[in-house]
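Next come the chains, spelled out residue by residue.
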Amino acid sequence: MMASSASPEISKPKIVSGPGGYVLEDVPHLSDYIADLPTYPNPLQDNPAYSVVKQYFVHVDDSVPQKIVVHKDSARGIHFRRAGPRQKVYFDSDEVHACIVTCGGLCPGLNTVIREIVCGLYHMYGVKKVLGIDGGYRGFYAKNTVQLDPKVVNDIHKRGGTILGTSRGGHDTSKIVDSIQDRGINQVYIIGGDGTQRGAAVIFEEIRRRGLKVSVAGIPKTIDNDIPVIDKSFGFDTAVEEAQRAINAAHVESESIENGIGLVKLMGRYSGFIAMYATLASRDVDCCLIPESPFYLEGPGGLFEYIERRLKENGHMVIVIAEGAGQELLSKSMQSMTQKDASGNKLLLDVGLWISQRIKDYFSKQRKMPINLKYIGNASDNVYCTLLAQSVVHGAMAGYTGFTSGLVNGRQTYIPFNRIIEKQNNVVITDRMWARLLSSTNQPSFLRAIDVTEDEGNEEPSNQFLDNGNCSEKSLVFNKITEIGSLHC
């Protein structure tokens, strides 16, 4: 969570308009607030590794459209600046003093991104001074640093976690920027999720206010894939792949006993992308529950009725549930919903344990049937990490700042912080992808007519979950429930 000190004034978005309804949501540049900056030839022009590449440098006017499906009469729409090396750079290699920091939770690929930033700066631009900030944002003012070079980071991509350490919270804008200024740092690479990127945006604004020649660049990191605009964040593919292993294990468990239920809890605090994509990839899932799609337990069309019907049809079933699903249902009488972690994220209750207990109560206590409940605790990205890291290095060297590097429609782009932090990316349950999932699992939508009517009166789709009571539907089951906990990779 950020310190309570007053935040710097937010600069206006940089919008460039063109013919045919063309709109470029541009990223800030050091030259926007510092006059007469010198430029230098890009060292890559003398790099033998790139001598055979034709048109390696990106044209200054290259941009990538946010929307690629258009009608013949549509306006050209919103575009983002294409990532990549420019012919001119705004930093002399010898003057660059870069730093890298990782914040928030762990995610597959963190060390790969660190490695590729260091190697990209060193091998492509001849930058020799790279500092690792240890322990997240608070490491800036706690004096924790690690000197980084290609030798230090050579094998770190083979390890889990992050060699720099990470933490939640600790964001004090003034202290962080004071440290950047005192250390003579002029390129800041910040790796983290949506909360971290919000912090990076505030750091950029303070640096701009002070008129410092410092590029601030973000690399989006979130397993949940909940950062908007970009196609995906690194770590997501690995999470989906690992989730499928958990689903396979649950499927084997459920098949091994009559009326077995395999319950797999996956990560997804506010967004159910991992659960949705893992469900579609596995084809063994009978029901997928995500934060964006309300569900209820009792009555016609409810979860209990569907479980009973599926077990009668197949003799077993697999349920996938995202960790943020059903939170309103299980927390009405608890105060945990109001508690937050150091990053300001709402502390979630364990929906896996709760829904396991509710299924147990339904099929054993009410129907006098025994339950065998087993609870297990916690349980392509590399290329993408390299592209992200190299793109963000090219952007910083070219003088861009206040941006995040990300994939838009398959192309690396530079996206201004304000677009990344304005909202959260969620599964749209009126979209074709969710319809494909419902078709794959044959599960009901769990929406009742009254809820659909209520939703129609709201401008925004509701994320509130529906109430429930005790169910008295008929059932005949001896259940085995296997819960495989969140995949903390």
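Up top is the structure these notes are about.
About the cut-offs
Residues numbered from 1 in each chain as written. Predicted model: local features only at pLDDT ≥ 70, side-chain atom pairs only at ≥ 80, totals over all residues. Heavy atoms only, no water. Helix = DSSP H or I, 4+ residues; strand = E, 2+ residues; numbered from the N terminus. Buried < 20%, exposed > 50% of the residue type's maximum accessible area, 1.4 Å probe, protein only. Areas by Shrake-Rupley, 256 points an atom, 1.4 Å probe, with all protein chains shown as cover. Pairing = 2+ DSSP bridges. Right-handed = clockwise from strand over helix to strand, strands pointing away. Arc of directions from axis to C-beta. Contact = heavy atoms within 4.5 Å. Salt bridge = Lys/Arg side-chain N within 4 Å of Asp/Glu carboxyl O. Phe/Tyr/Trp six-rings, centres within 6.5 Å; stacked < 30°, edge-to-face > 60°.

(A) Main features of the overall build of the protein chain. A tally of helices and strands in the protein chain yields 13 helices and 18 strands. Scored against the burial criterion, the 489 residues of the protein chain give a buried share of 53%. Surface accessibility of the protein chain: about 21,500 Å² in total, with carbon and sulfur atoms responsible for 49%.

(B) Region of interest: the pairing of strand E7 (residues 97–102). In terms of burial, E7 is largely enclosed, as 6 of its 6 residues are buried. The two faces of E7 match: His97, Cys99 and Val101 on one face and Ala98, Ile100 and Thr102 on the other face are all buried. Two strands pair when backbone bridges link them, and E7 and strand E8 (residues 129–133) are joined in this way by 5 bridges, in the parallel orientation. Bridge assignment links His97 to a residue of E8, and that residue is Lys129. Remark: the E7/helix H1 (residues 110–125)/E8 crossover connection has right-handed handedness. Taken together, the 5 bridges between E7 and strand E10 (residues 187–192) define a ladder with parallel strand orientation.

(C) Helix H12 (residues 432–441), seen in detail. Of the residues making up H12, those classed as buried are Trp434, Leu437 and Thr441. Around the axis of H12, the buried residues are gathered within 55° of arc, so they sit on the same side. Opposite its buried face, H12 presents the exposed residues Arg432 and Ser439, each directed more than 90 degrees away. Where H12 is buried, its residues contact helix H6 (273–282), strand E13 (287–289) and helix H7 (303–314).

(D) Spatial organisation of the environment of Arg209. In this fold, Arg209 is placed in helix H4 (residues 194–210). Looking at Arg209, the relative accessible area reads 54%, which means it is exposed.

(E) Structural context of the pattern of salt bridges. This structure, assessed with the given rule, holds 14 salt bridges. A salt bridge links Arg82 to Asp62, with the shortest nitrogen-to-oxygen separation between them at 3.1 Å. A residue pair is termed long-range when its members are at least 10 positions apart, and Arg82 in strand E5 (residues 77–82) and Asp62 in the loop between strand E3 (40–41) and strand E4 (63–65) qualify at 20 residues. Using a relative accessible area of 29% as the deciding quantity, one classes Arg82 as partly exposed. What makes Asp62 partly exposed here is its relative accessible area of 25%. Residue Glu241 pairs with Arg245 through a salt bridge whose shortest N-O separation is 3.8 Å. Residue Glu241 and its partner Arg245 are both found in helix H5 (residues 236–255); the two are separated by 4 residues, about one turn of the helix. Residues participating in the shared-partner salt-bridge network are Asp178, Glu206, Arg209 and Arg210.

(F) Up close: the packing of aromatic side chains. The final tally for this structure, using the stated rule, is 5 aromatic pairs. Considering the side-chain rings of Phe304 and Tyr362, the 4.5 Å spacing of their centres and the 10° angle between planes classify their relative orientation as stacked. Linking Phe304 in helix H7 with Tyr362 in helix H9 (residues 351–366), this pair joins segments that are 58 residues apart in sequence. Judged by its relative accessible area of 0%, Tyr362 falls in the buried class. An aromatic cluster of three or more residues is present, and its members are Tyr400, Phe403 and Tyr414.

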